[in-house]
Amino acid sequence: MRRIVTLLLTLCLLTFLAACDTAEERAEEHYQNALALIEEGDYDRAFIELRNAVQLVAGHQEARHEMARILLEHRKDPQRAYSQYLRIAEQYPDDLLARVQLSNIAFSVGNWEELDRHGRRAVELAPDDPDVINIQLLLDYRDAIQSENASDRRAVAARAETRYNEEPGADILVEIVVDNALRENEMTKALGLLNELTEASPETERYWNQRLAVLLTLGDDAAVEEQLLRLIEMAPDDDQRVANLLQFYLSRGELDKTEEFLRIRADEADANDITRRIDLIQFLRANRSVDAARAEIASAIPDAEDPLPLIIFRSILDFADGSTDQAILDLETALNDAEPSETVDQAKMALAEMLTAVGNDVGARAVVEEVLANNDRQPSALRMKARWQIDEDDPDAAIAGLRLVLDQNANDTAALTLMAEAYSRKGSTDLMQDFLSLAVDASGNAPDESVRYAQLLISEDRFLPAEDILLAALRVSPNNVPVLVTAGELYLRMEDHGRAQQVIDTLRRIDSADAQQAVVQIEAELVNRQSGTDEALQYLEDIARQTNSDTASKVLLLRALLSTGDIDGAVEFAEELFAEQPDDPAVRLVLAATVASSADTDRAIELYQGLIDEFPNQSSLRIQLISLQRRIGEFDTAEATLAQALEDIPGDPNLLWVRASFDEASGDIDSAIAIYDDLYERFNNAGADSVIVANNLASLLATYRDDDESLERAWTIARRFRETEIPAIQDTYGWILHRRGESEEALPYLEAAATAMAEDAIVQFHYAEALLAANQPEAALAKYRDVLDIAGIGDSRVQIVQAQERIIEIETAAASEEGATEATE
């Protein structure tokens, strides 16, 4: 029996080995067939043969190399080529060609992390290989940029230029030379190189973008227009390229050219393609007149195979003009019995937007769900639903829906921006930044997306990346005021006074009130930084006393005077302003606010009361009066003023905010929580993320409620604060972490808050509680004593009483431990 088993095992082993030999031989046969087909130029059949080879022998190194080469060179599919090279690198870590190609592809798509990983491995394998030397230069160049070492950067660029002159086909080298030329403002040199690159590789978008930036910097408008038109000719249906040309025309006020371009595109479109006609109608509405847009719609409807998109736009016009009921009725009528289609879904989403705008959220949600029931990947519906989910503190659900949108269009700017907001709610700051950056790229450096991302970078003191974002936006929209203002603020913080002055000069040439007001603000701060406060005040005074100066400039001077402590000077100037314009309510408000800073509070109260009588629905006036009354110690009067204000303007969110603050201070925590809860929902439903309301609600829930549901709600609200540097919010976030049993993780937040808010007894108590939970009783004892010192005698708040009890507990435990030690000895 044993001999039979042995014989069977031997036969199985021989059969297995024979099969292995057969698989390798068959794989090699497929590989050789592929090489023959490649020689004939039949890459599709060759690819099939190569795929058969690697299916038989996964580690067939040569076959995978050929597959990757076909994908990269002939199918122009770098992503799939990258996957093949990555498989090779994983199976054969010392394969130099795979590492070089992985580095090149990572470089081409801007994936610096992968470039660093594979590039440095290539350098280890073959530092003298020509391709590897180029990669090393690129790594050195990037290191120099990140360390802000201009001399090293120039030196690396010089070496790259020398090699490029000897080896002109290396993209990595020319990219280094071009980038350095741009940084050195050598625009003519950069343009010459980019001309070569765009002609050699017209499919590479990055080269065209760099060339466009150079042309804009040189001010060669004719060449800019020529390039934008050429790019559209190469890809007529590329929406972003069309948008870039339109933005270029509009930024220069060339309305006739814009209309001519759009009209030609609309006339050339297929009869069933109405989108280009809609583009023309949108332009007419925004830049000609509503009547011109209506006339275009009326003339287009009879010839349209599907008039529904035109009916949608007509309804949007009606809605914008105030005929909201008629617009909604027209859309609902057009949708009656309409067969499901993409156009019908778009019409329904337009209807949902209108319903949301008139406050019918229930109706809007019903329409969105109806659209998603028909097409669960409809982008507009998923975006709107994600907006609601974010507002309802369900960012995970929002992210899942937005991924479906981005799967269909990775450059959906609205979805990318919403994704950033969703990750912000989750507290994932790094991912939030990534998606803001992607939104900038996808929008073609549009102003809104660029300012949003730049402001985040500035808040983190990442000035150079912020500057890159803003400069790219200004190349596309050179006269955009928000972008210029953000750039001005950035240069002030960088202490780059020369560039701040350039921003001021650009703003001064723009004929708009916002631009001129920004000039005064930025220039005043520039003068302050260069020459000191006295000169800045003199500058503001000169501006404010000009006969054509607007009220905003004068208010800026008043604020400056108050900030320097010159109360008398501020009041004197405000009185002069009032004497000139006694009937101007804005001037009377300025006078009241200024006088309120002086000792003449009775006059300030009289001025505020007069304004309230004239404008009874302006809650801000009531709040300023209440604030003044509390400041001078008239607490009962302030309470009465607030009660009257809420009676006159019921439901006003700003007044309710004040009410909640009063209730919290007086110990009526349940009322404060109820108000903040209502405000939080209202802000979210309006698409606004009020950090202060969120913090206050989370803080009260975590501090004064003991049930698990309240703690979980507090965590859901507060998890967006993971990266905060605001002490009060650090206290909230840290305290919630402690309440959730994560005291060690809470300590850095609570320590930072306790340091910054050294006179707040509750903040010190929170830190002490976390220290005690983290088994640091001595440090906790010191903090509990600080709590009592700050609170003083007679403070009966729960936390103060608990601090007294904790001190006794810690001291008793310490005494017991000491006694036990002595007894043992």
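These numbers were taken from a predicted model, which means no experiment stands behind them. (Residues numbered from 1 in each chain as written. Predicted model: local features only at pLDDT ≥ 70, side-chain atom pairs only at ≥ 80, totals over all residues. Heavy atoms only, no water.)

## Side note on the overall build of the chain
How we decide: Each helix is a run of H or I in the DSSP string that is no shorter than four residues. Each strand is a run of E no shorter than two, and both are numbered from the N terminus. Exposure categories follow from relative accessible area, calculated using a 1.4 Å probe and restricted to protein chains: below 20% of the type maximum is buried, above 50% is exposed, and the middle band is partly exposed. The contact rule is simple, with two residues in contact once any of their heavy atoms fall within 4.5 Å. For every accessible area listed, the method is Shrake-Rupley and the probe measures 1.4 Å; residues are considered covered only by the protein chains on display.
Along the backbone of the chain there are 45 helices and 0 strands. Relative to its 825 residues, the chain shows a buried fraction of 44%. At a minimum sequence separation of 6, the contacts of the chain that also span at least 24 residues come to 47%. Carbon and sulfur atoms form 48% of the exposed surface of the chain, whose accessible area is close to 41,800 Å².

## A word on the pattern of salt bridges
Worth spelling out the cut-off: The rule for a salt bridge is simple: a side-chain nitrogen of Lys or Arg has to be within 4 Å of a carboxyl oxygen of Asp or Glu.
Scanning the entire structure with this criterion turns up 57 salt bridges. Salt-bridge contacts for R69 lead to E66; the nearest nitrogen and oxygen are separated by 2.9 Å. Within this pair, R69 and its partner E66 are both found in helix α3 (residues 61–74), separated by 3 residues, close to a single helical turn. Judged by relative accessible area, R69 falls into the partly exposed class, the value being 25%. Close ionic contact of E296 with R277 constitutes a salt bridge, the shortest N to O distance being 3.0 Å. Placement of the pair is E296 in helix α16 (residues 290–300) and R277 in helix α15 (residues 275–287), with a sequence separation of 19 residues. Owing to a relative accessible area of 10%, E296 belongs among the buried residues under this scheme. Residue class for R277 comes out buried when judged on its relative accessible area of 16%.

## Brief notes about the nonpolar core
To be explicit about the condition: Working definition of a nonpolar core: buried Ala, Val, Leu, Ile, Met, Phe, Trp, Tyr and Cys residues. They are joined through side-chain atoms within 4.5 Å.
L50, Y85, I176, V224, F261, I281 and L310 are the most contacted members of the largest nonpolar core, which has 82 residues in total. Here the element with the most residues in this core is helix α9 (residues 171–183); it accounts for 7 residues. Setting aside chain neighbours within four positions, we find V224 in contact with L212, L215, L216 and F248. The next biggest cluster of nonpolar side chains, apart from the first, holds 72 residues, and it includes L331, Y423, Y453 and L457.

## Some details on α15
Since there are 3.6 residues in each turn of an α-helix, residues three or four apart along the chain are aligned in direction. Note the cut-off: Multiply 1.5 Å by the residue count of a helix minus one, and that product is the helix's expected span.
Over its 13 residues, α15 extends 18 Å from the first C-alpha to the last, a length consistent with the 18 Å expected when each residue adds 1.5 Å. Residues of α15 that are buried: R276, R277, I278, L280, I281, F283 and L284. Residues of α15 that are buried make contact with α13 (239–251), α14 (255–268), α16 and α17 (308–320).

## Topic: helix α37 (residues 653–666)
Quick reminder of the rule: Side-chain atoms alone can form a polar contact between residues adjacent in sequence; in general such a contact is a pair of N or O atoms within 3.5 Å, and within protein one must be able to donate a hydrogen while the other accepts it.
Helix length check: α37 (14 residues) gives 20 Å between terminal C-alpha atoms against 20 Å at 1.5 Å per residue, within 8%. The complete set of buried residues in α37 reads L655, L656, V658, R659, A660, F662 and D663. One side-chain oxygen at the N-terminal end of α37 lies 3.1 Å from the backbone nitrogen of N654; it belongs to D652. Looking one or two residues beyond α37, the residue adopting positive phi is G667, at roughly 95 degrees.

## Some points on the environment of D708
In this structure, D708 sits in helix α40 (residues 708–718). Once the C-alpha coordinates of D708 and R739 are considered, the two residues, 31 residues apart in sequence, prove to be 9.8 Å apart.

## Re unusual backbone geometry
Phi angles above zero are rare outside glycine, and D393 is one such case at about 60 degrees. Position of D393 relative to the elements: it lies in the loop between α21 (379–391) and α22 (395–408). When its relative accessible area of 10% is taken as the criterion, D393 is described as buried. Unusually for a residue other than glycine, D461 sits at a positive phi of about 65 degrees. The topology assignment puts D461 in the loop between α25 (447–459) and α26 (463–476). Since its relative accessible area comes to 47%, D461 is described here as partly exposed.

## Overview of the confidence of the model for the chain
Test applied: Values of pLDDT, which run from 0 to 100, indicate the predictor's confidence residue by residue.
Per-residue pLDDT for the chain has a mean of 83; in total, 90% of the residues score no lower than 70. Of all secondary-structure elements in the chain, the lowest mean pLDDT belongs to helix α30 (residues 533–544), at 52, while helix α42 (residues 743–756) reaches the highest, 93.

## So, the packing of helix α12 (residues 221–234) against α13
What counts is decided by this rule: The axes used here are C-alpha line fits, helices contributing only the stretch in contact, and every angle between their N-to-C directions lies in the interval 0 to 180 degrees. To sort the angles, those under 35 degrees are grouped as roughly parallel, those over 145 as roughly antiparallel, those from 65 to 115 as roughly perpendicular, and the leftovers as oblique. Handedness of each helix crossing follows the sense of rotation of the near helix against the far helix: counterclockwise by less than a right angle gives left-handed, clockwise gives right-handed. In this classification, the charged set is Asp, Glu, Lys and Arg, the nonpolar set is Ala, Val, Leu, Ile, Met, Phe, Trp, Tyr, Cys and Pro, and all remaining amino acids, among them Gly, are polar.
Packing of α12 against α13 brings their axes to within 9 Å, and their N-to-C directions diverge by 155 degrees. Between α12 and α13, the angle falls in the class roughly antiparallel. With respect to the hand of their crossing, α12 and α13 are arranged in left-handed fashion. Taken together, the residues of α13 that come into contact with α12 (itself represented by D221, V224, E225, L228, L229, L231, I232 and M234) are R241, V242, N244, L245, F248 and Y249. The residue makeup of the contact of α12 with α13, split by class, is 10 nonpolar, 1 polar and 3 charged.

## A closer look at the packing of aromatic side chains
What counts here: Whether two aromatic rings pair depends on their centres lying within 6.5 Å, for rings of Phe, Tyr and Trp, where Trp uses its six-membered ring; planes under 30 degrees apart make the pair stacked, over 60 edge-to-face, and the rest tilted.
A complete count under the given rule lists 6 aromatic pairs for this structure. Here the aromatic rings of W735 and F765 are separated by 6.4 Å at their centres, their planes lie at 50 degrees, and the arrangement is tilted. Note that W735 is positioned in helix α41 (residues 727–739) and F765 in helix α43 (residues 761–773), a separation of 30 residues in sequence. Residue classification places W735 among the buried positions, given a relative accessible area of 8%. A relative accessible area of 2% means that F765 is categorised as buried. Every member of this aromatic cluster is reached through a ring pair, and the members are W715, Y733 and Y749.

## Focus on the environment of D267
The topology assignment puts D267 in helix α14. On the accessibility criterion, D267 (53% relative accessible area) is exposed. Through-space distance from the C-alpha of D267 to that of R277 is 7.9 Å; in sequence the pair is 10 residues apart. Side-chain polar atoms of D267 contact the side chain of R277, separated by 3.0 Å.

## Focus: the packing of α21 against helix α23 (residues 413–426)
Their axes nearest at 10 Å, the elements α21 and α23 cross at an angle of 20 degrees. In terms of axis orientation, α21 runs roughly parallel to α23. Both α21 and α23 take part in a crossing whose hand is left-handed. Of the residues in α23, those touching α21 at R383, R387, I390 and D391 are A414, A415, L418, E421, A422 and R425.

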